[in-house]
Amino acid sequence: MEVKAFSGDLRAGKRESHLVRWIKWGIKVSLTLSVLALLGIGGVLYYFSRDLPPLDSLGAYIPSQATRIYDDENRIIGQFYIEKRVFVPISQMPKNLVQAILAVEDARFYNHQGFDSIRIVRAFIKNVESGRIRQGASTITQQLTRSLFLSSERTMERKIKELLLARKMEEMLTKDEILEIYLNHIYFGHGAYGVQIASKTYFGKNVADINLEEAAFLAGLPKAPNDYSPYRHPDKAKYRQRIVLKRMVDEGYINQNEYRDAYEKDLIFKKLHSGEDFGLYFKEHVRQYLISRYGDDVVYRGGLNVYTTLNEKMQRMAESALQGGLREIDKRQGYRGPIGKYTPDNEGAPGESQATRIQTASLHVGDLLNARVLSRDSNDATLEANGVIGKMLLEDMAWAANRLTGPDIRKDRKRIDRPTPADILALDDIVQVRVKSIEGGGKGVFFSLEQEPQVEGGLISLDPADGTVKAMVGGYDFNKSEFNRSLTARRQPGSVFKPIIYGTAIDRGFTSATILVDNPVIFTDSDTNKVWKPENYEKKFYGPISLRDALTFSRNLATVKLLRQIGIGPVDTFAKRIGIDSPLTHDLSLALGSSGVGLLELTSALGVYANEGVRVEPAMILSVTDNNGRVLESRDPIATRVISKETAYVVTNILEDVVQRGTAKRARVIGRPIAGKTGTTNEFTDAWFVGYTPNLASGVWVGFDDNRSLGSRESGGRAALPIWIDYMEGALDLLPVIPFSIPDEIVYTKVDRATGLLSREGEDGDYEIFVKGTEPTETKQDLASPSEFFRFDQEESAF
């Protein structure tokens, strides 16, 4: 029995020894695997940490900041940026916004050290249960590191780097610093980066002023800004706001009553368009200048402050005047037909996006819309625009009885006599309309027929005293054509160039009473035998005529002879002195404005007359500072006398006559001292008007980019002058009425109109102005026979 017991104990001891060995072996293996795992993890971490971006600059984080453009009253009118943002310290952010962000994005932000293990486990379980990825686990710190330093690709490598950087960031910065950077950096949709721009974009207010319901809405955006856009998906946006408010209740930031009150309040969103959507040609010119001087990075990220000369009110008036004027010209040219046809595929408000439908649920007088023709009667048509049914009376579409069937306005136009709505509009036509009126008493909405003009134009307006450009429009629509016709185009000015020729003559001793001869003349080039026979606009000639009347009534033949008399060289020199930089044609066709010039240079040049002979270089930028307020450049205007006060005044006085009794009589409606000149080129290709008061000089050009004719009788007085008047009536209301100053050396003398000599006592005559010393001293004498003034000249001359 003892032997058996011993034998049993021996077997038990062997089993125990075997178990111990297995345990020890298991421990060794576990330790080895753990070491290997740790080494592996360490190796992986080391591998991915080798090329991590440095975080040294985070402590002094400065986000890329937009360059701001200011008008002449120091109001922001535009910004240049890659990411539109304005940095705001966390101390200036409302507490409920910070809490809303924390509640929905990272409730344990102040408890973890860069990544949240508990959240990772929860997300893993949730995703396993659903069979797909439904919940993320990234903390605010991880989101920030990903946004600042990593790509958005979903790879294991990126995730590991994200964790490493998050941990490193938590070691370098405080929690509040991380949160401050995050709130200024994240994207909220519609071009808004950071909470300040987001508040401005959606609610039109500073972030410090938003309330709880607005804060909850904003906090819900970063997860999916496009999906939760109130302009595109209002129901989803409201649902997301509810989620945020519930999370705030869960985290104890608000109670149930606050949740309910905030959710039940309406969110009033700012209309989704920029208040900076004007002056685009002006701003683009400024942008190009800034980039050429400071470089892309400084302009788009450096937060420059650019103080310009632009006057917002004048600029808006200029755009309205030019667009309205071009539309009127386009209507006179003819109707090109509908812009499309309705099909079930474009059901809804034709040509309008869903976002636009949400914003324009109510129409406003003046709105331009695309509309569908539903029916036509004998005197009107019924149309639908943006879900609103309205009427269009025959009188509001009658202009379209002129149908344009091709590009040639004079040859391709067909007139429909006694048209009906059915002659103009077809069923299911998609046409452009303007809201003409919204009548009460159940009368409804009335539309007028419109079309996008093909004709182009430009308008420039500046203060002649200091050269500051107050308004500039380079075309009908910047978004369709960025070509700036006010700055870049070089077009023949026609008769609007004549004040420069006549200014040269006055400067060289001619007087406003000097007699010129307006009679037929033929010029033949001796080298080419090419014949040029200039003629007046009216196809008539007027014989002996005073220099004043020759300019007032724009007599071409008299001007050609005047140019031949004073010489092309002096005119070229005079033009350069007053600001014409474009090269001029050195032949007698210069008298009729054959040399291409720019609208700005011509307006600025005639502005010298308004400024009593003193030239100041045109300018659009007053100063530029960096984001710390340090001045980088500042304009120091230089005023240079280029012609005498007396010459400037005589020309101005004659150009006042152009308005009072000449080709620009329409401008008398403005009711204050105005001087100016119309211009029209051959075949009605270009139409101009440049005019000025002592405190504002403005020019308008109208034409086609491809040099087509504007149509019969579309002269400067008909096509350009109405635009100028429309603009100047409003712009001059902002300025005091100032008469043109008369220099001391100007004298008045009564002269005989036919000869320009002194009028004898008791005889009829006109009082004329003269530069002292140039007035006539002799009375009229017998003249040569009238036939000599009307002889038919033929001379050889270069032209």
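No experiment lies behind these values; they were computed from the predicted model shown.

What counts and how
Residues numbered from 1 in each chain as written. Predicted model: local features only at pLDDT ≥ 70, side-chain atom pairs only at ≥ 80, totals over all residues. Heavy atoms only, no water. Salt bridge = Lys/Arg side-chain N within 4 Å of Asp/Glu carboxyl O. Helix = DSSP H or I, 4+ residues; strand = E, 2+ residues; numbered from the N terminus. Buried < 20%, exposed > 50% of the residue type's maximum accessible area, 1.4 Å probe, protein only. Pairing = 2+ DSSP bridges. Axes fitted to C-alpha atoms, helices over the stretch in contact; angles between N-to-C directions. Patch = residues over 30% accessible without salt bridge, like charges linked within 9 Å, V, L, I, M, F, W, Y side chains within 5 Å. Areas by Shrake-Rupley, 256 points an atom, 1.4 Å probe, with all protein chains shown as cover. Left-handed = near helix turned anticlockwise from the far one by under 90°. Contact = heavy atoms within 4.5 Å. Nonpolar A, V, L, I, M, F, W, Y, C, P; charged D, E, K, R; others polar. 1 Å grid on protein atoms, 1.4 Å probe; cavity = no way out; pocket = protein on both sides within 12 Å on 5 of 7 lines; lining within 4 Å. Points joined across faces, edges and corners; volume = space filled by probe spheres on them. Polar contact = N/O pair within 3.5 Å; in protein donor to acceptor, adjacent residues only side chain to side chain.

Asks: I'd like a description of the pattern of salt bridges, backed by residues and values.
Replies: Under the counting rule described, the total for this entry stands at 42 salt bridges. Ionic pairing is found between Asp572 and Lys576, a salt bridge with its closest N-O pair at 2.6 Å. Of this pair, Asp572 and Lys576 both sit in helix H19 (residues 568-578), four residues apart, roughly one helical turn. Accessibility expressed as a relative area gives 10% for Asp572, which makes it buried. When the shortest N-O distance is used, the salt bridge between Glu617 and Arg615 registers 3.4 Å. On the basis of relative accessibility, which here comes to 10%, the residue Arg615 falls in the buried class. One network of salt bridges, with partners in common, ties together Arg327, Glu328, Lys331, Arg434, Glu450, Glu452 and Lys480.

Asks: Before we move on, could you go through the sheet that holds strand E25 (residues 686-693) and cite the residues and values that matter?
Replies: Taking strand neighbours across the sheet as the criterion, the five strands line up as E15-E14-E26-E25-E24 in an open arrangement whose pairing is antiparallel. Bordering the open sheet on either side are strand E15 (469-473) and strand E24 (675-680), each of which pairs with just one other strand. The mean inter-strand angle of the sheet, taken between neighbouring strand axes irrespective of direction, is 5°. Here strand E14 (residues 456-462) pairs with E15 via four bridges, running antiparallel.

Asks: I'd like a description of a nonpolar patch on the surface, backed by residues and values.
Replies: On the surface, a cluster of nonpolar side chains totalling about 280 Å² of accessible area is made up of Leu19, Ile23 and Ile27. With respect to the element layout, Leu19 can be found in helix H1 (residues 2-49). Taking the relative accessible area as the measure of exposure, Leu19 reaches 51% and is therefore exposed.

Asks: Can you lay out the packing of helix H16 (residues 498-507) against helix H20 (residues 599-610) for me, pointing to particular residues and giving the numbers?
Replies: Close contact between H16 and H20 brings their axes to 10 Å; oriented N to C, the two are set at 35°. In the packing of H16 onto H20, the handedness of the crossing is left-handed. Only Leu602, Leu606 and Tyr609 of H20 make contact with H16, whose side of the interface consists of Pro499, Ile500 and Gly503. Looking at side-chain class alone, the contact of H16 with H20 contains five nonpolar, one polar and no charged residues.

Asks: Give a description of helix H6 (residues 175-185) that names residues and reports values.
Replies: For an α-helix, 3.6 residues make a turn, and residues three or four places apart therefore share a direction. Most of H6 sits inside the fold, with nine of its eleven residues counted as buried. For H6, the set of buried residues is Lys175, Ile178, Leu179, Glu180, Ile181, Tyr182, Leu183, Asn184 and His185.

Asks: With reference to specific residues and values, describe the environment of Tyr294.
Replies: Along the polypeptide, Tyr294 turns up in helix H11 (residues 280-294). Between the C-alpha atom of Tyr294 and that of Leu632, which follows or precedes it by 338 residues, the distance is 9.9 Å. In this structure Tyr294 touches Val299, Leu304, Val624, Leu632 and Glu633, once residues within four positions along its chain are discounted.

Asks: Lay out the pairing of strand E2 (residues 76-80) in plain terms, naming residues and giving numbers.
Replies: Counting buried positions over the five residues of E2 gives four, a clear majority of the element. The sheet contact formed by strand E1 (residues 67-70) and E2 spans four bridges and is antiparallel. Bridged to Arg68 within E2 is Gln79. Taken together, E1 and the strand that follows it, E2, pair antiparallel across an intervening segment of five residues, in which Asn74 is found at a positive phi of about 60°.

Asks: Tell me what's going on with the sheet that holds E1, and back it up with residues and numbers.
Replies: Spatially, five strands are ordered E2-E1-E5-E21-E22 in an open sheet, and the strand pairing comes out mixed. Each edge of the sheet is formed by a strand with only one pairing partner; in this case those strands are E2 and strand E22 (631-634). Taking the axes of each pair of neighbouring strands and ignoring which way they run, one obtains an average angle of 15° across the sheet. Pairing of E1 with strand E5 (residues 305-308), which is carried by three bridges, proceeds in the parallel orientation. Looking at E5, one finds that Tyr70 is bridged to Tyr307. Relative to the sheet, H11 contacts E1, E2, E5, strand E21 (621-625) and E22, its axis offset from that of E2 by approximately 45°.

Asks: Describe empty space enclosed by the protein, and please don't skip the residues or the numbers.
Replies: What the rule picks out here adds up to one cavity of 30 Å³ or more. Of the volumes computed, that of the largest cavity is approximately 60 Å³. Mapped onto the lining of the largest cavity, the elements with two or more residues apiece are H20 and strand E20 (614-616). Tallied by class, residues from the lining of the largest cavity come to five nonpolar, three polar and two charged.

Asks: Requested: an account of unusual backbone geometry, with residues and values cited.
Replies: Although it is not a glycine, Asn529 sits at a positive phi angle of roughly 60°. With respect to the helices and strands, the residue Asn529 is situated in the loop between strand E17 (521-524) and strand E18 (531-532).

Asks: Hey, could you go over the side chain of Arg327 for me, with residue numbers and the actual values?
Replies: Mapped onto the elements of the fold, Arg327 is located in helix H13 (residues 312-333). Here the side chain of Arg327 touches Tyr476 through a polar contact of 2.8 Å, side chain to side chain. Setting aside chain neighbours within four positions, we find Arg327 in contact with Leu368, Gln432, Arg434, Glu450, Gln451, Glu452, Pro453 and Tyr476.

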